[in-house]
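# Understanding the architecture of this molecule
Residue-level listing of the chains:
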Amino acid sequence: MKFFIVGYPRSRTAWLANFMTDNGVFCYHEAIRGCADEQEYYSKIINNAEYPILGDSSSSAPLMSIQVLFPKAPIVIIERDPEDVLKSLDNFFGRVTSQLPMLNMLKTKIDSLVGLRVKFDEIDDRLEEIWNYCLGGYIPFDSKRADMLKNFNVSIKMPEYEEKDLTLIKRLLSCHG
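Please read these numbers as outputs of a predicted model, since none were measured by experiment.

### Considering the overall build of the protein
A tally of helices and strands in the protein yields eight helices and five strands. Walking the protein from its N terminus toward its C terminus, one meets helices and strands in the order β-α-β-α-β-α-β-α-α-β-α-α-α. Scored against the burial criterion, the 177 residues of the protein give a buried share of 45%. Sequence separation of at least 24 residues holds for 76% of the intrachain contacts in the protein that already meet a minimum separation of 6. Carbon and sulfur atoms form 51% of the exposed surface of the protein, whose accessible area is close to 9200 Å².

### Focus on the pattern of salt bridges
Tallied over the entire structure, the rule returns seven salt bridges. Arg 126 is the salt-bridge partner of Glu 122, the closest N and O atoms lying 3.5 Å from each other. Between Lys 150 and Asp 147 there is a salt bridge; the shortest N-O distance is 3.3 Å. Here Lys 150 falls in the partly exposed class, since its relative accessible area comes to 29%. Sharing partners across several salt bridges, the network here consists of Glu 122, Arg 126 and Glu 129.

### Details of unusual backbone geometry
Despite not being glycine, Arg 10 shows a phi value in the positive range, around 65 degrees. Secondary-structure assignment places Arg 10 in the loop between strand E1 (2–6) and helix H1 (13–20). One non-glycine residue, Arg 12, lies in positive phi territory at about 70 degrees. Tracing the sequence through the fold places Arg 12 in the loop between E1 and H1. Judged by relative accessible area, which is 22%, Arg 12 ranks as partly exposed.

### What to know about helix H6 (residues 127–135)
Looking only at H6, the buried set comprises Leu 127, Ile 130, Trp 131, Cys 134 and Leu 135. Taken around the axis of H6, the buried residues stretch over an arc of 105 degrees, which confines them to a single face. Gly 136 lies just past H6 and shows a positive phi near 55 degrees.

### As for the pairing of strand E2 (residues 25–29)
Judged by how many residues are buried, E2 sits mostly within the fold: four of five residues are covered. Handedness of the β-α-β unit built from E2, helix H2 (residues 38–46) and strand E3 (residues 53–58) comes out right-handed.

### A short note on the nonpolar core
Membership of the largest hydrophobic core comes to 24 residues, with the highest contact counts inside it found for Phe 4, Tyr 41 and Ile 45. Among the elements of the structure, E1, H2, strand E4 (75–79), helix H4 (82–93) and helix H5 (100–112) are those that each provide at least two residues to this core. No other element matches the four residues that H5 contributes to this core. In this structure, Ile 5, Trp 15, Leu 116 and Ala 146 belong to the second largest nonpolar core, which totals 23 residues.

How each quantity is defined
- Residues numbered from 1 in each chain as written.
- Predicted model: local features only at pLDDT ≥ 70, side-chain atom pairs only at ≥ 80, totals over all residues.
- Heavy atoms only, no water.
- Helix = DSSP H or I, 4+ residues; strand = E, 2+ residues; numbered from the N terminus.
- Buried < 20%, exposed > 50% of the residue type's maximum accessible area, 1.4 Å probe, protein only.
- Contact = heavy atoms within 4.5 Å.
- Areas by Shrake-Rupley, 256 points an atom, 1.4 Å probe, with all protein chains shown as cover.
- Salt bridge = Lys/Arg side-chain N within 4 Å of Asp/Glu carboxyl O.
- Arc of directions from axis to C-beta.
- Right-handed = clockwise from strand over helix to strand, strands pointing away.
- Core = buried A, V, L, I, M, F, W, Y, C linked by side-chain atoms within 4.5 Å.

Below, the structure written as C-alpha cells:
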C-alpha cells in the first residue's frame, strides 16, 4: 500500500512524514533525495519490502506522475497560499523571490491532482481524517500520539539537499512545467 502527501515547500510535509511514520508505516520526506532520476524514485517507492505501507510526504512528489503510476494510492494535497509560502521561505532562508516561477509551476501540478484537499491551517484539526484517508483503516488512529506531536517542530534546511537532488528537481520542473 502506497500513499502520498503533497504540498508546497514550508507546508508541513516534513512534520506529516514524521506523523505518518508509526506502527509499521514508513513515510519518507522528499523521497526524491538521493535519486538520480524519476525511475530511481519510483523504484525506491515500489521496491521497499521492509515496509508494506509506505508513503512520501513532499513538495517534489507532484512533479512526478504519481497519479498515473499509483492510480489507487491516496493523495493528500496540502493547500497553502503561494504568497504565504514565499513569506515562509523568505523568513526561513532569506530573500527567495527567485522561487516564484518554481512555485507557479508547482501550483499547476498541485492543482491537477485529485485527492483529499486540506488547507494548511486546518492540518491539526484534520489529522484523523488524513490518517484514515492515507491508511484506509488498516492501522487505527492514535489521538494521544497526534496530540503529543502537534507541538513538535520539524523542518529541513536546504543545505541538506545535495546538488544532484536540486538538479533533478529543476529538470523535473522544466520537463513538466
